[in-house]
Amino acid sequence: MSSPLRRSFACLRAAPVLVLFGTFLASLELVIIVGFGAVAADAVGWRLEPYVLGIVTPLVAGSLWYVISVPLLSALYRPARRVLVDGASVGFRDSFAGGRASAADAVRLLVAVVVTLGVAFALAIPVWFVLATAGLVALTGASALGVQEAANPQLFWLGLAATGLVSVHVARLLLRPFDVLVLFADERPARAWLTAARYARSNPRVIARYGLVVVGLIGGARLVALLVSSVSGVVAVGTYVLLGGIAYALFAAYHVGVFESRIGSLGSTDTRSTRTIDGSLPPVIRNPVRVAVAILLVTSLFAGTLTVRAADAGPTVQPDEPGAVDGSVEPAALIEANEAYLAEASVRVDNRVYDRDNETDERYHAGGAMTAVDRENRQVRVAIHGTDGPSGEQTELGGYFASGTIAQRIAGDGVGATDQQDEQFGPFQRTAGSWYVIAGSGYWTVADDVHDGWLPGTDADYDVTVDDDEVTFTADGSAYLDASPEFDSLDHDRIEPGDDVHQTVVVDPDTGLITRMEERRNVTVYRSADREEVEWETDVLVETEFAEHGTATVDRPEEIGDRSIGEWLWAIANY
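Being a predicted model, the structure only gives us computed values, none of them experimental.

Draft legend 1. Quick look at the pairing of strand β1 (residues 347-356). As defined by bridge partners, β1 adjoins strand β2 (residues 363-374) across 10 bridges and the pair is classed as antiparallel. If you follow Val349 over to β2, its bridge partner there is Thr371. Sheet topology note: the β1/strand β13 (residues 534-547) ladder contains 7 bridges and is antiparallel. Residue pairing in the sheet places Arg352 in a bridge with Glu543 of β13.

This is how it looks when you write it as structure tokens:
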């Protein structure tokens, strides 16, 4: 245990009134922090509660508590100093007798803390800039190299918020001796921060050690209260009031003890030792060229990293093809290999559905879908079309998903999408003709499962045909039910296949890639296994083509226009 901290425990025994004052401070802190958090959460809605309590409350209410607590701590500083410097014991009567002096101290400290906090926020900006740049470069590099999962916008936003909080706390720590300078060194409140900053520049180890001890005292009390909060909120409050009271009392004694011993005689009226700790010019003025180069370097790294993230620039490795197919091919293994390939490869898939006209018994193009996946540029385009009967009008819906964009075509040509907006996205949503556009993690929302349902099942008993031009897998009759994903999950006792039901899969023998599929869905599905009541029946022909393996590209729909500011922000967050 360090000497100043050991003296702090001894101080509490000589002045138990410090614990009483500390308990009052801990109770008041709970009221302000929790109360502000509850009001803020209610004001913005419970949907944002985690963000409010995790980010807004520490930033805003934490600063409010800092302004209030510093003047109140003067009631602990004077009794602590009497014990540490004079070696006297301080009782309750002695402490309250000094109330008038404490009130005067509080006014001076209020001025000092407001000025110092403003300086701290100004100082936190360059600190945050450096920390945020380092974090962005590290996070982007890890994503590009595949060290961490690429899509992690939560980590991005959390990182920016965390670096902001750390920057403010670091800046405040560098100026922390300002209050004892005002109280005991007769420093002017408006310039106490400058003397404190000079001291921190000359004694960085002392400041760093002081910061670790204070975080351990106050942070330890908060951590214990947080751990017991799962048991009971009342128990957590009581725990923090008790431990926080002791922590604040120890902090006051330690705070005075550290800086009383390091900044000369704090009780002296001669303050030259504190005002001239280091009168030399600051580095910014002494080395302007080096500072300018450092600023240019950090700014370039920051802007460059944001550009790389916004453009989704970086290496994208296309997966290996399954490989050439020989006569001993296993259908299940080859289908699984194609499934793994499609999960990571760029590809275009065209799906066409042909229904049967009830009057003429002829096939007609009833609809289908086109899906293009561009893994390199992290974009997905889906176009779904259909017709209402053999002579019906064709309609088209669709979607576009990029790293910062979710766009859905929810109406036909000429029909606006305004009425379809979802209020939960607030300013991150807009309409563009028949498109509804949201700023969000579009590509990452669909990237992992966009290929689901494209390929047939692996449990079917396929007939295999191999020749020089193509390899064909065919499952018909009852085996078709195992090959079709639509029917494989249903109870087969409820399904009755009709004539010529089949699933045919065509594979390129040179690459092992599936190029075409044909499925004849001529089945009747009953409500139960006794097959007495029909639930639904269908007789459609489905054709699917896979093209542009590894080379498919996607263009942003012209109708939705350029990225909004929100889409740029989400594109930066997703990388």
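Next comes the rest of the description.
Draft legend 2. Examining helix α1 (residues 3-14) more closely. The terminal C-alpha atoms of α1, which comprises 12 residues, lie 17 Å apart, in line with the 16 Å expected from a rise of 1.5 Å per residue. When α1 is considered as a whole, its buried residues turn out to be Leu5, Ser8, Cys11 and Leu12. Angular distribution of buried residues about the axis of α1 spans 105°; they occupy a single face of the element.

Draft legend 3. Expanded view of the side chain of Gln503. Mapped onto the secondary structure, Gln503 falls in strand β11 (residues 502-507). With relative accessibility at 2%, the residue Gln503 sits in the buried group.

Draft legend 4. Local environment of the pattern of salt bridges. Enumeration according to the criterion identifies 17 salt bridges in this entry. A salt bridge links Asp500 to Arg520; its shortest N-O distance comes to 3.4 Å. Placement of Asp500 in the loop between β10 (495-497) and β11 and of Arg520 in strand β12 (residues 514-526) is noted, with a sequence separation of 20 residues between them. By sharing partners, the salt bridges in this structure join Arg363, Asp500, Arg520 and Asp539 into a single network.

Draft legend 5. Geometry of the confidence of the model for the chain. The predicted model of the chain has a mean per-residue pLDDT of 79, with 81% of residues at 70 or higher. Element-level mean pLDDT values for the chain span from 42 in helix α11 (residues 272-275) up to 91 in helix α14 (residues 331-342). Low pLDDT, under 50, characterises residues 264-279; the predicted model gives this stretch 31 contacts beyond four residues in sequence or across chains. This model gives residues 414-421 a pLDDT under 50, and the stretch forms 16 contacts once residues within four places in sequence are excluded.

Draft legend 6. Spotlight on the pairing of β11. Within β11, 6 of the 6 residues are buried, which leaves it mostly tucked inside the rest of the structure. Where strand β9 (residues 471-476) and β11 come together, 6 bridges link them in antiparallel fashion. Looking across to β11, one finds that Thr474 is bridged to Thr504. Relative to β12, β11 is paired through 6 bridges, and the arrangement is antiparallel. In the sheet register, Val507 faces β12, and the bridge partner there is Ile514. Following β11, the chain reverses through 6 residues before pairing antiparallel with β12; Gly512 in that reversal takes a positive phi of roughly 80°.

Draft legend 7. Summary view of the packing of helix α8 (residues 192-202) against helix α9 (residues 204-228). Direction vectors running N to C along α8 and α9 enclose 100°, while the axes themselves pass 5 Å from each other. The angle between the axes of α8 and α9 places the two elements in the roughly perpendicular class. Of the residues in α9, those in contact with Tyr199, Ala200, Arg201 and Ser202 of α8 are Pro204, Val206 and Ile207. The residue inventory of the contact of α8 with α9, partitioned by class, reads 5 nonpolar, 1 polar and 1 charged.

What counts and what doesn't
Residues numbered from 1 in each chain as written. Predicted model: local features only at pLDDT ≥ 70, side-chain atom pairs only at ≥ 80, totals over all residues. Heavy atoms only, no water. Pairing = 2+ DSSP bridges. Helix = DSSP H or I, 4+ residues; strand = E, 2+ residues; numbered from the N terminus. Expected span 1.5 Å × (residues − 1). Buried < 20%, exposed > 50% of the residue type's maximum accessible area, 1.4 Å probe, protein only. Arc of directions from axis to C-beta. Salt bridge = Lys/Arg side-chain N within 4 Å of Asp/Glu carboxyl O. pLDDT = per-residue confidence, 0-100. Contact = heavy atoms within 4.5 Å. Axes fitted to C-alpha atoms, helices over the stretch in contact; angles between N-to-C directions. Parallel < 35°, antiparallel > 145°, perpendicular 65-115°, else oblique. Nonpolar A, V, L, I, M, F, W, Y, C, P; charged D, E, K, R; others polar.

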